[in-house]
Amino acid sequence: MAIRVRERVEFSAYERSYLPEIARGLTVTVGHLVSNLAALIPLDPFRQRRTLEDRTVRYPEERRVYPPRYRGQHRLLPREDGSPRCVACYMCATACPAYCIHIIAAESTDPKIEKYPAAFEIDLLRCVFCGFCVEACPEDAIRMDTGVHTPPFDARDDAVLGRVDLMSLLGRPGTEPAYGAQNYREKKPRGS
Amino acid sequence: MFLLIATLLKFIFFGLVFAIGLAAVLTWMERRQSAYSQDRLGPTRAHFFKIGGKPFTLFGLLHIAADGASMFFKEPVTPKNADKFLFKIAPLIGWTTALVTLALIPFGPSLPSSVFPASWIPEGVETIYLQMAHVDSGILIVLAIGSLGVYGAAIGGWASNNRFALLGGLRATAQSVSYEVALGLTLVGILMAYGSTELGSIVESQNGLLFGFLPAWGLFIQPLGAVLFFIAATAETKRTPFDMPEGESEIIGYFLEYSSMQFGLFMLGEFLEIVVLGALFTTLFLGGWQFPHLIGTDSVSVFGLFTWNGPVAVAVSGTLVFCVKTFFVCSLQLQLRWTLPRFRYDQVMRLGWKTLLPLALINIFVTAGLIWWDPTLSILSYVSIGIILLFVLVVIAGPRRPPQVAHGH
Ligand code: SF4
Ligand code: SF4
């Protein structure tokens, strides 16, 4: 990341007389206007160009497919028995630049597992969707592969998603299956 | 009685149907035209029903109806300590001045009274002007009334008992007063060249051709005056490079406290002012209803393919030509808004006092000198065409800054 000093732009007398530059600016905007209008004419000989109608995604009715790595809403991944994969290590909460993950750890009854999150909350109004939590997690317990963006909220409290909400979301079709942690632990049981 | 009815009809056609109708259409054009010049689609939503699965939006024109309905059914809120009376009448002041100005504008050639049955015409009336008020001091009244228009903004800002609205009103007042000076002075050149203040006869004098092909419009003998007038008038209508009084995106302006249809009146009033400016510019600089090669003195012909004789033909097509020209001037004003960023307030003041005013004065002296040298205006028109060609040359061949290359970070 090289540091670049941008020269302060001095306008020449010609540019400061405004009018020629305004005329040029008008030719640009009018050019767009005219070409878009011309594309509407059915027998336009230049109709190689697509019309605005074709180029526009009309949002609520038509939706763009998000790219595969789109960071959507978070979800917590379950183990095979349905309990959260998260071991309440606080790595994600530490990594989070927005301080929006709140975890309360509790001791797990499973002797092979130390802790589990008694509460796991993400405040989506503070979240900046940076994905650091996903990167930080050693257990692959939190992902942002749901492919949905944050829904609108009526009240601030609704924006705070708890453990149950986070676990109810599914990864979108085609997301890679959960790997690693659980199987790994089965091979090399800890603490026993 | 006949004259009264005629005036009423003229008002209904020109005032109600054309001007207010065009103002309403401009609210749509503002969105559609800006969208098309920015490669967007613009208004596509408002519709009552669907045809073939597609909503029937009439090119988005139904948005005008939707806006109207939404404004009408909202609650008009008057702030608690506002001056109730002034608060109510403020939006109407702009309307009044705009409509009074329209009354003076000739929108078509005058008809000889022989067109009508002789029993209708009162004694001594020989021509029926397509102009609501045929007043000799036309342009002076336009300037006088036009400067009253700012009272709408000033009173609206003051009466709503809100500091920000008051500041907006003050900005509007200062700006209008500053540009009024330049506005008046830019017209002196036209007055000297045509030797009349009556708008109808100014239009009449713009007939004929320059160099055998150019229409002898005000634009071609007063190019600098036309540009300065357009700039000053844009400042008067408080539109984008000069929309400091309103500043809708951040500093908010004089109609801050207005809601519902009261706000709608302000808004439509601004568009009406654009129409008035367009009509005025057409009258003074674009030859009004004149269109050489097309409209003759008593016949209309489209390149010899189609001819239509008689004063009625001239009147009808002249009126049409006037409306089309006005439409294009309005459209240019909208396009300007979507091309230019807004000035800073000190820039607005500097432009008004230090640039427009001296230029307008220079224009007056040079024009006066050239007219004194040659009263037939031909030297004036040579010089003017020279200026226009020079400007076009500068626009095409002037220095260009190399485009700034965006570097990656
Ligand atoms: S995406 Fe970023 S901001 Fe949002 S919870 Fe994860 S770490 Fe925090
Ligand atoms: S980093 Fe992973 S395992 Fe650790 S607390 Fe966060 S979600 Fe749970």
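Scope of this entry: the structure provided in the associated data block. The structure displayed is predicted, hence computed values, not measured ones. (Residues numbered from 1 in each chain as written. Chains lettered and ligands numbered in written order. Predicted model: local features only at pLDDT ≥ 70, side-chain atom pairs only at ≥ 80, totals over all residues. Heavy atoms only, no water.)

The next subject is the overall build of chain A. Looking only at helices and strands, chain A features 7 helices and 5 strands. Counting from the amino terminus, helix and strand elements in chain A follow one another as α-α-α-β-α-β-β-α-β-β-α-α. Evaluated residue by residue, chain A yields a buried proportion of 32% over its 192 residues. Contacts in chain A between residues at least 24 apart in sequence constitute 69% of all its contacts with a sequence separation of at least 6. Surface accessibility of chain A: about 13,300 Å² in total, with carbon and sulfur atoms responsible for 57%. (Helix = DSSP H or I, 4+ residues; strand = E, 2+ residues; numbered from the N terminus. Buried < 20%, exposed > 50% of the residue type's maximum accessible area, 1.4 Å probe, protein only. Contact = heavy atoms within 4.5 Å. Areas by Shrake-Rupley, 256 points an atom, 1.4 Å probe, with all protein chains shown as cover.)

For the rest of this paragraph, the subject is the overall build of chain B. Along the backbone of chain B there are 13 helices and 8 strands. A globule of 409 residues ought to have a C-alpha radius of gyration of about 22 Å, and chain B, at 23 Å, matches this closely. Counting only C-alpha atoms, chain B reaches 60 × 60 × 50 Å along its principal axes. A burial count over chain B gives 50% of its 409 residues as buried. (Rg over C-alpha atoms; globule rule 2.2 N^0.38 Å.)

Right, let's get into the nonpolar core. In globular proteins that are soluble, nonpolar side chains generally tend to be buried together. Leu 26, Phe 229 and Leu 284 of chain B are the most contacted members of the largest nonpolar core, which has 82 residues in total. Ranked by residue count, the leading element in this core is helix 10 (residues 260-285) of chain B, at 11 residues. For Leu 284 of chain B, the residues in contact, after removing those within four places along its chain, are Ile 139, Leu 187, Ile 190, Leu 199, Ile 202, Gln 206, Gly 218 and Phe 229 of chain B. In this structure, Cys 92, Cys 96, Phe 120 and Leu 161 of chain A belong to the second largest nonpolar core, which totals 21 residues. (Core = buried A, V, L, I, M, F, W, Y, C linked by side-chain atoms within 4.5 Å.)

Quick look at the site of ligand 1 now. For ligand 1, the set of nearby residues contains 14 residues, the closest of which are Cys 96, Cys 127, Cys 130, Gly 131 and Cys 133 of chain A. Among the residues forming the shell around ligand 1, the class breakdown is 12 nonpolar, 2 polar and no charged. (Near = heavy atom within 4 Å. Nonpolar A, V, L, I, M, F, W, Y, C, P; charged D, E, K, R; others polar.)

Our focus in this paragraph is helix 2 (residues 19-38) of chain A. For helix 2 of chain A, built from 20 residues, the straight-helix expectation of 28 Å at 1.5 Å per residue is met to within 8% by its first-to-last C-alpha distance of 27 Å. Where helix 2 of chain A is concerned, the buried positions are Pro 20, Ala 23, Arg 24, Leu 26, Thr 29, Leu 33 and Asn 36 of chain A. In this structure, the buried residues of helix 2 of chain A make contact with helix 1 (13-16) and helix 3 (52-55) of chain A together with helix 1 (2-37), helix 11 (311-337) and helix 13 (378-397) of chain B. (Expected span 1.5 Å × (residues − 1).)

A few words on unusual backbone geometry. Even without being a glycine, Tyr 90 of chain A presents a positive backbone phi close to 70 degrees. In this structure, Tyr 90 of chain A sits in the loop between strand 1 (75-76) and helix 4 (91-95). A relative accessible area of 32% places Tyr 90 of chain A in the partly exposed class. The backbone of Asn 161 of chain B shows a phi angle near 55 degrees, a positive value even though the residue is not glycine. In this fold, Asn 161 of chain B is placed in the loop between helix 5 (150-159) and helix 6 (163-194).

Residues and elements named next belong to chain A. One open sheet accounts for 3 strands, arranged 2-3-5; its pairing is antiparallel. Unpaired on one side and paired on the other, strand 2 (101-107) and strand 5 (160-161) mark the two borders of the sheet. Two strands pair when backbone bridges link them, and strand 3 (residues 115-123) and strand 5 are joined in this way by 2 bridges, in the antiparallel orientation. Residue pairing in the sheet places Ile 122 in a bridge with Leu 161 of strand 5. (Pairing = 2+ DSSP bridges.)

What follows is about the site of ligand 2. Near ligand 2 you find 13 residues, and of these Cys 86, Cys 89, Tyr 90, Cys 92 and Cys 137 of chain A are the closest. In terms of residue class, the shell around ligand 2 is built from 12 nonpolar, no polar and 1 charged.

This next bit is on the packing of aromatic side chains. Between two aromatic rings, the relevant description is the distance of the centres plus the angle of the planes. Residues and elements named next belong to chain B. Enumeration according to the criterion identifies 21 aromatic pairs over all chains in this entry. On the numbers, 4.8 Å between centres and 90 degrees between planes, the contact of Tyr 258 with Phe 266 is edge-to-face. Aromatic ring contacts, followed pair by pair, group Phe 87, Tyr 254, Phe 255, Tyr 258, Phe 263 and Phe 266 into a single cluster. Positioned over the ring face of Trp 217 is Lys 325, at 4.1 Å from the centre of the ring. (Phe/Tyr/Trp six-rings, centres within 6.5 Å; stacked < 30°, edge-to-face > 60°. Lys NZ or Arg CZ within 6 Å of the ring centre and 35° of its normal.)

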